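Structure assessment
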Amino acid sequence: MIKAILATLALVAAPLAAAPAFAHDYVIGELKIDHPWARPTATNRQPGAGFFAIENSGETDQRLIEVRPEGFAEGIEIHAIVEEDGIFRMRNMADGLVIPAGETVALEPGGMHLMMFGLAEPLVEGATPSVTLVFEDLGEIEVALTVEVPQMVEPEMDHDH
Ligand SMILES: [Cu+2]
């Protein structure tokens, strides 16, 4: 357990080892959504995990209140990782994700992520499933997640839901 925790901490602290294979970004208002991607899944019964960074260059805090899958999954939650009694668990961020003015919020392996439930098919490398991000003040934007293999070794996380 200690080993797993240390590995997770190292993961959170470590920068990504390599640049993404295919960088792409989207702009809505003063927000830039940088390189949305998802990890491949072996089957459609395991949940998918998606990641991106959102940069807020405006002077107003923004809130991501919903992420909708476009056909490829039944539902998506925004998860944070919290520690309870030495065990790391995932928690649904029911109030959404705030991107403070002038800051960048990153969803990345070992930290916050999109969890995509009820996949119609496994996520295979090279696929580009779309999700719609819904912001409280700015409205909606559809972005494509590129399915790709992460460029670093990661510890297995406990996906017990
Ligand atoms: Cu999760």
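Attention here is on the structure that accompanies the text.

Cut-offs applied
- Residues numbered from 1 in each chain as written.
- Predicted model: local features only at pLDDT ≥ 70, side-chain atom pairs only at ≥ 80, totals over all residues.
- Helix = DSSP H or I, 4+ residues; strand = E, 2+ residues; numbered from the N terminus.
- Buried ≥ 20, exposed ≤ 12 C-beta atoms within 10 Å, placed from the backbone.
- Contact = placed C-beta atoms within 7 Å.
- Pairing = 2+ DSSP bridges.

Below, the discussion takes up the overall build of the chain. In terms of regular secondary structure, the chain is built from one helix and 12 strands. Secondary structure elements of the chain occur, N-terminal to C-terminal, as α-β-β-β-β-β-β-β-β-β-β-β-β. Of all 161 residues assigned to the chain, the portion counted as buried reaches 21%. Summarising the internal contacts of the chain: among those between residues at least 6 apart in sequence, 69% fall at separations of at least 24.

Our focus in this paragraph is the pairing of strand β11 (residues 139-144). Where strand β10 (residues 130-135) meets β11, six bridges bridge the pair, whose relative direction is antiparallel. Across the sheet, the residue bridging to Val131 is Val143, located in β11. Counted between consecutive antiparallel strands, the loop separating β10 from β11 contains three residues.

Where strand β3 (residues 48-56) meets strand β9 (residues 113-117), three bridges bridge the pair, whose relative direction is antiparallel. For Gly50, the partnering residue across the bridge sits in β9 and is Leu114. Pairing geometry for strand β5 (residues 75-84) and β9, over five bridges, is antiparallel. When the bridges of β9 are listed, Gly75 appears paired with Phe117.

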